[in-house]
Amino acid sequence: MNLEGLEMIAVLVVVILFVKVMEQFGLLETGYDDSVEDELELSAVRHRPEGLEQLEALTRFNRKELQILYRGFKNECPSGVVNEDTFKVIYSQFFPQGDASMYAHFLFNAFDTDKDGSVSFEDFVMGLSILLRGSVQEKLNWAFNLYDINKDGYITKEEMLDIMKAIYDMMGKCTYPLLKDDTPRQHVEIFFQKMDKNKDGVVTIDEFIDCCQNDENIMRSMQLFENVI
C-alpha cells in the first residue's frame, strides 16, 4: 500500500476493513430467513438493548437488518457489550503483520460514545449506521471525532500523528516501499498543513470537512461505504 492509500485510510478510518473484520468474527452474520423473530431477543444478558422500533427511528437500518445485526452481535458478545480487549483481539488477528492495539484503542473510543468503557449494541449500530448509510457530512463528522482524541473540538498535529502512527503500526509490512521511522511525522506535516487553512495550529471541524470534500480521491473512496451490508 502506498502513501496516498494510507492518507485515504487515515481519513476514512478503515471502516470497510472494520466491517469485514466484524463479518469474519461473526458480528455481522447474514443468511437468516424470514422466521427471525419480530422483536429483538432480550435474553439473560447484562445489557438489554433499546426496542427495535426505537433503533429503527434512530438509524438507517430496517427491522430485518437490525435483527440480523443483533443476532450476530449477541452470538459473539453474550453479555450484550463489547470491551476494548475484544476490539484489540479482532484487529490483532486481522493484521498479524503489525501492531493494531493502538488503532483498536482509538476506534473503540470512537464507538464508545457515552465513555463507559464498553460498546453496547446501540453504540455499535448507531456508529455503523452513520459510517455505512450516513451523508458525507455525517461520515466526516465521525472521522473528525476519531482524530479529536481529547474531544475538545479541535485536531492538533500531535493527535493526528497519534492516529497516523497507529495506522502505520497496524499496517506493518503491508506498506511498500517500507517506511522509515520518521515517515508518519513527515506525512502528518503535509496533511496537517493542507487542512489547517488559517495556520493557527489546530484543525476545526469545518476545516477538516472542507479539505476532505475538496479531495477527489477521498470523495471517490466514500462510495466504498455503499452496499457493504
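Relevant structure appears above.
So, here's what we can say about the structure. Every value quoted in this text rests on a predicted model; they were computed, and no experiment measured them.

**Focus: the overall build of the protein**
Within the protein one finds 12 helices and 4 strands. Considering only residue pairs separated by 6 or more positions, the protein has 71% of its internal contacts joining residues 24 or more positions apart. As displayed, the protein has an accessible area near 11,200 Å², and 49% of this comes from carbon and sulfur atoms.

**Some thoughts on the packing of helix 8 (residues 136–147) against helix 11 (residues 205–213)**
For the pair helix 8 and helix 11, the least separation of the axes is 10 Å and the interaxial angle reads 125°. In terms of orientation, helix 8 and helix 11 fall into the oblique class. Judged by the twist between their axes, the crossing of helix 8 over helix 11 is right-handed. Contacts from V136, Q137, L140, N141, A143, F144 and Y147 of helix 8 reach helix 11 at I205, F208, I209, C212 and Q213. In terms of residue class, the contact of helix 8 with helix 11 is built from 9 nonpolar, 3 polar and no charged.

**Some words on the nonpolar core**
Within the largest apolar cluster, 55 residues are counted, with the highest numbers of intra-cluster contacts made by Y91 and F208. When residues in this core are grouped by element, the largest group, 9 residues, is from helix 9 (residues 157–171).

**Concerning the packing of helix 6 (residues 101–111) against helix 9**
Closest axis-to-axis distance for the helix 6/helix 9 pair is 7 Å, and the angle between their directions is 130°. In terms of orientation, helix 6 lies oblique with respect to helix 9. Classified by chirality, the crossing of helix 9 by helix 6 is left-handed. Across from M102, Y103 and F106 in helix 6, the residues of helix 9 making contact are D162, I163, A166, I167 and M170. Its residues assigned to classes, the contact of helix 6 with helix 9 shows 7 nonpolar, no polar and 1 charged.

Reading guide: rules and limits
- Residue numbering note: each chain is counted from 1, following its sequence as written.
- Confidence filtering applies because this is a predicted model: local features only for residues at pLDDT of at least 70, side-chain atom pairs given and counted only at 80 or more, and all residues used for totals across whole chains, interfaces and linings.
- Heavy atoms throughout the structure, all of them, feed into the side-chain values; hydrogens and water do not.
- Working definition: helices are DSSP H or I runs of at least four residues, strands are E runs of at least two. Numbering for both runs from the N terminus.
- The contact rule is simple, with two residues in contact once any of their heavy atoms fall within 4.5 Å.
- Here the Shrake-Rupley method, with its probe set to 1.4 Å, supplies the accessible areas, and only the displayed protein chains count as covering residues.
- Axis angles are defined between N-to-C directions and span 0 to 180 degrees, where every axis is a line fitted to C-alpha atoms and, for a helix, only to the segment in contact.
- The scheme is simple: roughly parallel for angles under 35 degrees, roughly antiparallel for over 145, roughly perpendicular for 65 to 115, oblique for anything else.
- A clockwise turn of the near helix away from the far one marks a right-handed crossing, whereas an anticlockwise turn of less than a right angle marks a left-handed crossing.
- The nonpolar class holds Ala, Val, Leu, Ile, Met, Phe, Trp, Tyr, Cys and Pro. Asp, Glu, Lys and Arg form the charged class, and all remaining residues, Gly among them, are polar.
- The set of buried Ala, Val, Leu, Ile, Met, Phe, Trp, Tyr and Cys residues whose side-chain atoms join them within 4.5 Å is what this entry labels a nonpolar core.
- Accessibility here uses a 1.4 Å probe with only protein chains present; expressed as a share of the type maximum, an area under 20% marks a residue as buried, one over 50% as exposed, and anything in between as partly exposed.

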